[in-house]
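# A structural walkthrough
In case you want the letters, here they are:
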Amino acid sequence: MVSNFVWGVLLVLLFSTVCSRSALVRPREVDVRAGEPRNTVQAFQRYIRLVYQPQAEDVIYNDQEASWAYNINITGYNEELMIAASEETALFDQETAQYVRSSFSNIDFSSNMTLERLYDKLVLLGDANLNSTDFSELQEVQTRMQRIYNTAKICRNPSIHADDVLSKCPKDQQLSLEPDVSQILATSRNETLLRHVWKSWRDATGKKMHGDYQRYVELKNKASSMDGYADTGAAWRSTYVDTYTNYTDQMFLDEAEAIWQQLKPLYEQLHAYIRHKLKEQYPTVKALSNTNSPIPAHLLGNMWAQTWGNLQEFTRPHPEKQSLDVTEAMVEQNYTADTMFRKSDDFFATLGLIRMPQKFWDKSMIERPADNSTKVVCHASAWDFYNRQDFRIKQCTEVTMEDFLTVHHEMGHVEYYLQYKDLEVPFRRGANDGFHEAVGDTLALSVQTPAHLKSLGLLMADFDINDPDLERNSLYSTALDKIAFLPFGYLMDKYRYDIFSGKIKPEQYNSKWWEHLVEYQGICSPVKRSDSDFDPGSKYHIPAGVPYMRYFVSFILQFQFHKAMCQEAGYTGPLHRCDVSAPELGDGGKRAGALLAKTLKMGSSQPWTQAISAITNGNSSRMDAGPLLEFFTPMQQWLTQKNAELGITPGWSKEPECSEETAFQAWLNLHNNESSVVKSAEMFATWAYQTNITKANELAMLEASNVAAAFAKRKTEEMLGLFPNPDEITDPLLRRAYEKLSKLGDAALSPEDFARLGAIRTEMEQVYSVAKVCNDTSIGIDMERCPQHQQMALSPEITDILHSSRDPEELLYYWSAWRDATGKKMRSNFTEYVGLKNKAAVADGYKDNAEAWRAPYVEPSYNYTDADFLEDADRLWNQMKPLYQQLHAYIRYKLWELYGNKTVPSLNGPIPAHLLSNQWAQTWVGLLDFTEPFPGKPQLDVTQEMQKQGWTARRMFNVSEEFFTDLGLIGMPEEFWKISMIEKPSDREVVCHASAEDFYDGIHFGIKQCTAVTMSDLLTVHHEMGHVE
Ligand SMILES: [Zn+2]
C-alpha cells in the first residue's frame, strides 16, 4: 500500500514536473460563452468539440503514457506514477460527467441519436464512480495482482516449489511465462515436467491473489452499481446491449449460449480425436486410459489448454505429410520481429487499409528488451494514445508462426484505431468489444491459407496446395487454434458473470472454476486442487480485469467478416481456401478492404448490429455461427468419420480432477469393495475352523487364506504398477492407505513358502489347542493311555489348578507337562516359522519380522522411528521396574512364608515360575488369598460371589455390553449373539484362546471365548468386547 504521505508527495510531483497538467482547464471553469442557452444540441456539440475533446485527449494521453512506461519497465516508481495518472483520469471523468449531467440533461436528442449515444457514454463513470479511498484501493489491488502475474517465476527443477524460486532455484533454471514456460508447454512431451510447470505456474500466480480478487470483485461491483448496473458482469455486457435496437442483455446471453450449443458437436469431435492421440503419446497417463475421461489439462500444449496448435506435430491427420507450421521456414529465412511486423503491415496495405504510421515504428516495443534486468509486461497488446498520432504495439515477439498471426491480430487493433481516430473520444471503441478482437484475426484467416503462405515464400516450392492431405493438415491446424479456443473463450466470462452476481461465493472460486473447465472444455486437473488455490488467476485477463467474452464473440465475427470480405472480393470457392489478397481476385482485395474500412470507421458511434449489417452488405445484423461452421465443414466431416472408424465416442464425464491422487482414490474405493469380500471369506473360514477343529475346516481355512494372500499380492502389485510415484499422493489419509497396502506381509512369500507357513502355523496352533495333560502323573501326556475323564485341557482344568492349587508337586507336574505337551512339540516348526516370517518381512523392505511387527508404531509423518519406539518401550519398562521389583519381592516373601525353603530356596533370587498362579506367571491374581495386605477383609476378587450368584457366560457378556451402552457406545448387534461362541462346547475341539473378530462385511462381528465364571474372565469379556466396539 502506498501511504497517504507518499501519495500526497506523488500528486505534487505529478503536477509540477511530470506533465503540464497545471494548464489543464476543467469543464466548470470554461463554460460555453456567456448568454448562450445550455440545453441545446448545438451547445452540447460545441462543448464536445471545443472543450471536452481536447482535454480528454490530453488526459488520456498522459494516462496511457504512464501505463506504457510501467508496462515496458515494471518498477515501483512507474507503478505509482501509473496509479496517479489513472486517478487523474478518474477525476476528469467524474467532473465531465457532473458537468454534462448538470448542463445537458434536458436536451431533446430525438433528432440526433448519435449525439444521445455520446451523452450516454459520457455520464457512465465505471471505476471513476468510486470515492478516492475506494478508487485508490481498487487500483492497488489490481496492480498487486498484476505485479504477481507479471513478475512470477518458477523453477525448472521439479523438486523446487514456486514459493522457493528466489531462495533455492539457480538463476539459469528460473523460468518466466514468456518465453520459457510457454515454450516448455508447447514442445515438451515429458509428462512429469509438464505437470510440474503447470502446477508451479498456478502456485506462483493465482494462489497468491485469492484475497485480492475477492476485494476487487467487491469494489468493481460497487462502481458498477453506481452506474445503474446490477453488477460488473452486467456492466461488462453493456458493450453488447443496444437500447436503440432493443437488443437486451438477456438476448445477448441467450444468443451466446445458443451459438455455443451450435458449435459444441464440432468441438466434441476434435476433443475426442485429440484425446485418442494423446493416449497414444502418453500411454502411462491413467486418465487417458478411460475412454470417457476429460483430458488432463497439462498435455494440450498451452498453459490454459485454450489453443492446441502445438499438438499438431503428433496429431495431424497426415503425419507423413508436411504440417502448415511455417515456424521453421521463418527461422531459416532469418525472420525477425521487424520482418514479421513489416509483412503484416504490407498485408494491410495490399487491401488498401491504412499503413502503420512512422511513430508506430519508432515507439512500439516489438521484442523483449535485451537487458534482462528490465521487467516488462510481455502479454501482447495494442495501444491507442488518443492523440490521433501515437499508436503502438507491445509484444515480446518470438519468431514463430503463432506469433506471426498474433502480430496480425494486434495490428488489426491499431488499424481500427487509425480508422476511427477522428471520431469523438467516447466513440473510439469497437462497435462492441468482440469487433476489436476480430479485425486482425479476420485478415489472418487469409494469411494462413497455404496459397498465401506459399506466396510469402514460407512454404517449399514443391508444396502442392491442391494436395487434399496437405489441405486437411492445414485446416486441422487452424481448427486446433480456432475450435479448441471456443469453450475457453466462452467460459472465462460465464464464470466471472457468476462471480460478480454473487452466484459463486469466494470460498467456491476454485471449485466452480474447475466445474466450468470440465463442463465446457472437457479438461481435468492433473494435480489435486482445493479452494485455497485460485487457478483462474493463472490467466492474464483475470488479474488484469480484462473482459473475455470479446474473444468468443470475435471468433464468431471473424468468420462472418471473412466470408463477407471474400464475397465482396468476388471469391466463390470454399470458404477455408479464400485469401482476399489473392492476385487472381484483381482489385477484389481492395474492395474487401474498403468494406472493412467502412465498418471500422464507424467505431462505436452506431449500434453494433448496424456494423454487422454494414460489413455483410445488409445480409445480417446478428452474430452467426454459420460462416465458422461452413469454414470447418470438411474438417468436421473428416473428424466425425475418423472417430467413428476408431470407435471413439465424443463427450466426457464431468470429473474435474484426473490427478494421480484422484485416480488412486478411485482405485482404493474399488479395492475396498473387492478386498472386503475376499477378507470376509477368509475370516468366516478361519472362524469355522477355530470354533470347530476338523480336518475339513482346516483345509477350507488354508484354502481361503491362500486365496486372500494371492489377492493381496495381486492388488499390491497392481497398485505399485499403477501408482509408482507415491509422492504425488499428498492427502495424508490416502498416503497412509498407500503405504499400508504397499506392504504385503506373509503374502510377499512365494506361493509354496506361503502355503508352508500356513501349514506350520496351523500345526503349531493345533498342537497347542488340543494339548491335554493326564491327571494321572504316571501317565503324563501319553493321552492314548489316559482315560477320557482324566484328560485335562488348558481351559478350564489346568488353568484352575494353576490358579488355586497350593500343592507345589501338583503345580510343578502341570507346569512342566504342559510344556511337554505344547512347546516341545513345535520346536522345529517354530524355527522354520521364524525363517519364513523373516523372509516375508525382508521382501516387504524390513530388516526382519520384528521390525515389521513394530511398523505400526512407527510414524514417518511425525519422524517417529523404529529406534524411537524401542527406546520408548525400554524407557517405560525401566520406569516401571522399581514398582515391579517391590511387588516381586513382596510376593517372593509371601511364597517363601507359604512354601518354605525347599520350594522357595532364596529370598534374593528369582521366583520359581510354577508358583505364580498362572501358566506363564503373567498375572498373579490367584495368589490373592494369602498375599493380600489385610487378610480377612473382603477380597476384590469377586469370583466366588459370581459363582454363588449363579452367573453365566451370557450374563457376563450382557453386563459388559451394558457398560458400553451406558457410556453411549454401540451395543452388540443381533448378529454378534448369533455368531459368537462364548462357552466352550463339549461336542468338539475349539481354539479356546479368547479373541474378537471382524468379518469385514460390515454386519458380522464375533467373540470366541471359553468363558469361565471368574472375575478375570469378566475383565477379559470387557477386553474382547472393546475390540468389537
Ligand atoms: Zn486483442
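Residues numbered from 1 in each chain as written. Predicted model: local features only at pLDDT ≥ 70, side-chain atom pairs only at ≥ 80, totals over all residues. Heavy atoms only, no water.

As recorded by an unreviewed UniProt entry, the protein chain carries the name Angiotensin-converting enzyme and is attributed to Ramazzottius varieornatus. For the record of the protein chain, the UniProt heading Catalytic activity (unreviewed entry) holds the text "Release of a C-terminal dipeptide, oligopeptide-|-Xaa-Yaa, when Xaa is not Pro, and Yaa is neither Asp nor Glu. Thus, conversion of angiotensin I to angiotensin II, with increase in vasoconstrictor activity, but no action on angiotensin II." (UniProt positions renumbered as here; feature names shortened; annotations may be inferred.)

### Comments concerning the pattern of salt bridges
This structure, assessed with the given rule, holds 58 salt bridges. Arg622 is the salt-bridge partner of Glu255, the closest N and O atoms lying 3.0 Å from each other. Of this pair, Glu255 sits in helix H11 (residues 249-281) while Arg622 sits in the loop between helix H24 (608-615) and helix H25 (626-631); the two residues are 367 residues apart in sequence, bridging distant segments of the chain. Under the relative-accessibility criterion, Glu255 is labelled buried at 19%. Across the pair Arg429 and Asp433 runs a salt bridge whose closest N-O atoms are separated by 3.7 Å. A relative accessible area of 12% means that Asp433 is categorised as buried. It is possible to trace a salt-bridge network through shared partners that takes in Glu65, Lys363, Asp390 and Arg392. (Salt bridge = Lys/Arg side-chain N within 4 Å of Asp/Glu carboxyl O. Helix = DSSP H or I, 4+ residues; strand = E, 2+ residues; numbered from the N terminus. Buried < 20%, exposed > 50% of the residue type's maximum accessible area, 1.4 Å probe, protein only.)

### Observations regarding the packing of aromatic side chains
The final tally for this structure, using the stated rule, is 63 aromatic pairs. Centroid distance Tyr857 to Phe869: 4.2 Å. Interplanar angle 5°. Geometry classified as stacked. Of the two residues, Tyr857 sits in the loop between helix H34 (849-854) and helix H35 (866-899) while Phe869 sits in helix H35, which places them twelve residues apart along the sequence. Taking the ring centre of Phe385 as reference, the NZ or CZ of Arg392 above it sits at 3.9 Å. Positioned above the aromatic ring of Tyr846, the side-chain terminus of Lys743 is 4.8 Å from the ring centre. (Phe/Tyr/Trp six-rings, centres within 6.5 Å; stacked < 30°, edge-to-face > 60°. Lys NZ or Arg CZ within 6 Å of the ring centre and 35° of its normal.)

### Looking at the coordination of the zinc ion
Taken together, the protein ligands of the zinc ion are His409 (NE2), His413 (NE2) and Glu437 (OE), with distances of 2.0 to 2.1 Å. Sequence spacing of the donors to the zinc ion: H-x3-H-x23-E. Remark: His413 and His409 occur in helix H17 (residues 401-420); sequence separation between them is four residues, near one turn of the helix. A residue is classified by how much of its surface remains accessible, and His409, at 11% relative accessible area, is buried. (Donors = N, O, S within 2.8 Å, 3.2 Å for Na, K, Ca; no water.)

### Here we look at the nonpolar core
By size, the foremost hydrophobic cluster in this structure holds 198 residues, and its most contacted members are Phe44, Leu278, Trp308 and Phe632. The element best represented in this core is helix H20 (residues 468-500), accounting for 17 residues. (Core = buried A, V, L, I, M, F, W, Y, C linked by side-chain atoms within 4.5 Å.)

### With respect to unusual backbone geometry
The omega angle of the peptide bond from Glu178 to Pro179 is 0°, so this bond is cis rather than trans. Structurally, Pro179 is set in helix H7 (residues 177-187). Cis geometry marks the peptide bond from Ser795 to Pro796; its omega dihedral reads 5°. Tracing the sequence through the fold places Pro796 in helix H31 (residues 794-804). Its identity as a non-glycine residue notwithstanding, Asn863 has a phi of 60°, on the positive side. If you trace the backbone, Asn863 turns up in the loop between H34 and H35.

### What about empty space enclosed by the protein?
Enumeration according to the criterion identifies one cavity of 30 Å³ or more in this entry. In this model, the largest cavity occupies a volume close to 70 Å³. In terms of lining residues, the largest cavity is bounded by Arg202, Met303, Trp304, Phe488, Trp513, Trp514, Leu517, Gln521, Ile523, Asp535 and Ser538. Considering every element that reaches the lining of the largest cavity, the biggest residue donor is helix H21 (residues 509-521), with four residues. For the lining of the largest cavity, the residue count by class is seven nonpolar, two polar and two charged. (1 Å grid on protein atoms, 1.4 Å probe; cavity = no way out; pocket = protein on both sides within 12 Å on 5 of 7 lines; lining within 4 Å. Points joined across faces, edges and corners; volume = space filled by probe spheres on them. Nonpolar A, V, L, I, M, F, W, Y, C, P; charged D, E, K, R; others polar.)

### A closer look at the state of the cysteines
On inspection of all chains with the given rule, the structure shows six disulfides. One disulfide in the model links Cys155 with Cys169; its S-S distance is 2.1 Å. Torsion about the S-S bond of the Cys155 and Cys169 cystine: about 80°, corresponding to right-handed handedness. Here Cys155 is found in strand S1 (residues 154-155), whereas its partner Cys169 is found in the loop between helix H6 (165-168) and strand S2 (174-175), with 14 residues between them in sequence. With respect to burial, Cys155 and Cys169 carry one shared label: buried. Note that Cys992 is cross-linked by a disulfide to Cys1010, the S-S spacing being 2.0 Å. An S-S torsion of about -85° defines the bridge between Cys992 and Cys1010 as left-handed. Taken as a pair, Cys992 in the loop between helix H39 (974-979) and strand S9 (995-998) and Cys1010 in the loop between strand S10 (1005-1008) and helix H40 (1015-1028) lie far apart in primary sequence, 18 residues in all. Since its relative accessible area comes to 18%, Cys992 is described here as buried. Take Cys1010: its relative accessible area is 9%, and that puts it in the buried class. (Disulfide = S-S within 2.5 Å.)

### Observations regarding the pairing of S9
Only one face of S9 is buried, namely the one carrying Ser995 and Glu997, since none of Ala996 and Asp998 on the opposite face is buried. Examined bridge by bridge, S9 and S10 share four bridges and lie antiparallel to one another. When the bridges of S10 are listed, Glu997 appears paired with Gly1006. (Pairing = 2+ DSSP bridges.)

### Thoughts on the packing of H11 against helix H26 (residues 633-646)
Relative orientation of the contacting elements H11 and H26 amounts to 45°, with a least axis distance of 9 Å. In this view, H11 runs oblique relative to H26, as classed from their interaxial angle. Note on packing geometry: the crossing formed by H11 with H26 is left-handed. Residues Pro265, Leu266, Gln269, Leu270, Ala272, Tyr273 and His276 of H11 form the contact with H26, whose participating residues are Gln636, Trp638, Leu639, Thr640, Lys642, Asn643 and Leu646. Classifying every residue of the contact of H11 with H26 gives eight nonpolar, five polar and one charged. (Axes fitted to C-alpha atoms, helices over the stretch in contact; angles between N-to-C directions. Parallel < 35°, antiparallel > 145°, perpendicular 65-115°, else oblique. Left-handed = near helix turned anticlockwise from the far one by under 90°. Contact = heavy atoms within 4.5 Å.)

### Regarding a nonpolar patch on the surface
Side chains of Trp877, Met880 and Tyr884 sit close together on the surface and give an oily, nonpolar patch of about 310 Å² of accessible area. Among the secondary structure elements, Met880 is positioned in helix H35. (Patch = residues over 30% accessible without salt bridge, like charges linked within 9 Å, V, L, I, M, F, W, Y side chains within 5 Å. Areas by Shrake-Rupley, 256 points an atom, 1.4 Å probe, with all protein chains shown as cover.)

### Observations concerning the side chain of Asp498
Assignment of secondary structure puts Asp498 in helix H20. In this structure Asp498 comes out as buried when scored by relative accessible area, which is 18%. In this structure, Asp498 is in contact with Lys503, Ile504 and His516, ignoring residues within four places of it in sequence.

### Topic: the UniProt feature "active site" (unreviewed entry) in the protein chain
UniProt's entry tags Glu410, His541 and Glu1024 with the feature "active site" (unreviewed entry), counted in the numbering of this structure. In sequence the annotated residues extend across 615 residues, and in space they extend as well, their farthest C-alpha pair lying 77.4 Å apart. Along the polypeptide, Glu410 turns up in helix H17. In this view, Glu410 contacts Ala380, Ser381, Ala382, Ile393 and Gln395; residues no more than four positions away in its chain are not counted. Mapped onto the fold, Glu1024 is located in helix H40.

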